[in-house]
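Commentary on secondary and tertiary structure
Each chain, written out:
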2 protein chains.
Amino acid sequence: MKKTVFVFGALIVALLTLFQLSKYSITTGNLGIEFAIAAIALIFFFIGIYINKKSLHKKQAQIPIGEIDEDKISELGISKREYEILIKISEGLSNKEIASQLFVSESTIKTHISNLFPKLDAKRRTQAIQRAKEMRIIP
Amino acid sequence: MKKTVFVFGALIVALLTLFQLSKYSITTGNLGIEFAIAAIALIFFFIGIYINKKSLHKKQAQIPIGEIDEDKISELGISKREYEILIKISEGLSNKEIASQLFVSESTIKTHISNLFPKLDAKRRTQAIQRAKEMRIIP
DNA sequence: TGAGGACTCATACTAAAGTACCAAAACCAC
DNA sequence: GTGGTTTTGGTACTTTAGTATGAGTCCTCA
């Protein structure tokens, strides 16, 4: 915001300076009038580019694509551990691999998964991945 | 492309016209000099915006995020049918469901999958999804 | 025309995945 | 500290997934 004010201030000053300069060049003789006009044109050309770029950047920041919906997770009643396992599933790991990575037994993973699937309305782990992605609860 | 040429042509004409106009206003008396300069400034301002917008749109079209790498598919030696089944897998379908959707037996699906996994360097269908996504061969 | 690739299907098997039910710690809140 | 949730783990079972092997059909391209 401060930057914007500074830039606009500088531009206004530059504009006024150019106005005065162009007027001066007219009174002393119209030798540099083309240059003055060209300079003004160029400056405003870049102002246009700058402003447009800024507004577009703002737009991009407003709509982030790969955002995870944390509210949705708690809304579905998914616990921390269940979510952790969901991520591992989406990474293509087997129950055994998840179990060893989290230092628990495979039975525990199976239990968690069995509790997780109804919450995601899924019957298979592949379906769970698909559902979780379209709900934007995993990247 | 035609549009671009037309726009730029129009802009050059407008620019020259303004140059002449500004010169004329100086010789007849500098009443409208500020207006002329302001007009030039304004026009180039919008030119800047227009060009910037165009270049950014181009940029977005050049780098689409969810692009599938078709070359990679043939590079890995994945056939049409195998790819078709890969898509179904990523949609969370079971072998039985895929079989009925494609009007073939479950055995066929299993055979295709068994041939597909080595090509993707995957051991499980979830891993196949993960690998296929990071290779950008599925959306 | 025949060799090779793609698609199909089957059997038989092993290995995961998933369900159901139970139960004991552990943790958190009231 | 009592009650609810989470996390953990087990047994027993069914279902799905995946492998291995073999074989028939179809199509294409040399």
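Residues numbered from 1 in each chain as written. Chains lettered and ligands numbered in written order. Predicted model: local features only at pLDDT ≥ 70, side-chain atom pairs only at ≥ 80, totals over all residues. Heavy atoms only, no water.

1. So, the overall build of chain A
Regarding its fold elements, chain A presents seven helices and zero strands. Along chain A, helices and strands appear, N-terminal first, in the series α-α-α-α-α-α-α. The burial tally for chain A puts 34% of its 139 residues in the buried class. Across chain A, the fraction of contacts at a sequence separation of at least 24, relative to all contacts at a separation of at least 6, is 56%. Accessible area of chain A: about 8,900 Å², with a carbon and sulfur share of 63%. (Helix = DSSP H or I, 4+ residues; strand = E, 2+ residues; numbered from the N terminus. Buried < 20%, exposed > 50% of the residue type's maximum accessible area, 1.4 Å probe, protein only. Contact = heavy atoms within 4.5 Å. Areas by Shrake-Rupley, 256 points an atom, 1.4 Å probe, with all protein chains shown as cover.)

2. Some words on the packing of helix H5 (residues 95–102) of chain B against helix H6 (residues 106–120) of chain B
All names here are of chain B. It is the contact of H5 with H6, at a shortest axis distance of 8 Å, that shows an interaxial angle of 110°. On the basis of their axis angle, the class for H5 and H6 is roughly perpendicular. Viewed along their axes, H5 and H6 form a crossing whose handedness is right-handed. Contact with H5, carried on its side by Asn95, Lys96, Ile98, Ala99 and Leu102, involves Glu106, Ile109, Lys110 and Ile113 of H6 and no other residues of that element. Of the residues in the contact of H5 with H6, the class split is five nonpolar, one polar and three charged. (Axes fitted to C-alpha atoms, helices over the stretch in contact; angles between N-to-C directions. Parallel < 35°, antiparallel > 145°, perpendicular 65-115°, else oblique. Left-handed = near helix turned anticlockwise from the far one by under 90°. Nonpolar A, V, L, I, M, F, W, Y, C, P; charged D, E, K, R; others polar.)

3. Quick look at the protein's contact with DNA strand C
Surveying the vicinity of DNA strand C reveals 18 residues, the closest of which are Arg125(A), Ser79(B), Arg81(B), Val104(B) and Ser105(B). The sugar and phosphate moieties of DNA strand C supply 61% of its atoms located within 4 Å of the protein. Within the side chain of Lys110(A), a nitrogen or oxygen atom sits 3.0 Å from a base oxygen of DNA strand C. Between Arg125(A) and DNA strand C, the recorded distance is 2.7 Å, taken from a backbone N or O atom to a phosphate oxygen. Put simply, the parts of the chain that give the surface near DNA strand C at least two residues each are helix H5 (95–102) and helix H6 (106–120) of chain A together with helix H4 (80–90) and H6 of chain B. With four residues, H6(B) is the largest single contributor of residues to the surface near DNA strand C. (Near = heavy atom within 4 Å. Polar contact = N/O pair within 3.5 Å; in protein donor to acceptor, adjacent residues only side chain to side chain.)

4. Notes on the pattern of salt bridges
Residues and elements named next belong to chain A. Per the counting criterion, the structure on display carries 10 salt bridges over all chains. Here Glu84 and Arg81 are joined by a salt bridge, their closest N and O atoms 3.1 Å apart. Linking Glu84 with Arg81, this pair stays in helix H4 (residues 80–90), spanning three residues, or about one helical turn. When its relative accessible area of 32% is taken as the criterion, Glu84 is described as partly exposed. For Arg81, a relative accessible area of 29% translates into the label partly exposed. (Salt bridge = Lys/Arg side-chain N within 4 Å of Asp/Glu carboxyl O.)

5. Comments concerning the protein's contact with DNA strand D
DNA strand D sits among 18 residues. The nearest are Ser79(A), Arg81(A), Val104(A), Ser105(A) and Arg125(B). Of all atoms in DNA strand D that approach within 4 Å of the protein, 62% are sugar or phosphate atoms. Arg81(A) places a polar side-chain atom, nitrogen or oxygen, 2.7 Å from a phosphate oxygen of DNA strand D. The side chain of His112(A) places a nitrogen or oxygen atom 3.0 Å from a phosphate oxygen of DNA strand D.

6. Focus on the side chain of Ser94(B)
Note that Ser94(B) resides in the loop between H4 and H5. With relative accessibility at 16%, the residue Ser94(B) sits in the buried group. Contacts of Ser94(B), omitting those with residues within four sequence positions, involve Arg124(A) and Arg125(B).

7. Focus on unusual backbone geometry
Residue and element names in this part refer to chain A. Positive phi, close to 60°, is recorded for Phe103, a residue that is not glycine. Position of Phe103 among the secondary structure elements: in the loop between H5 and H6. Classification of Phe103 by relative accessible area gives exposed; the value is 77%.

The quantities given are spatial measurements derived from coordinates; they are silent on function.
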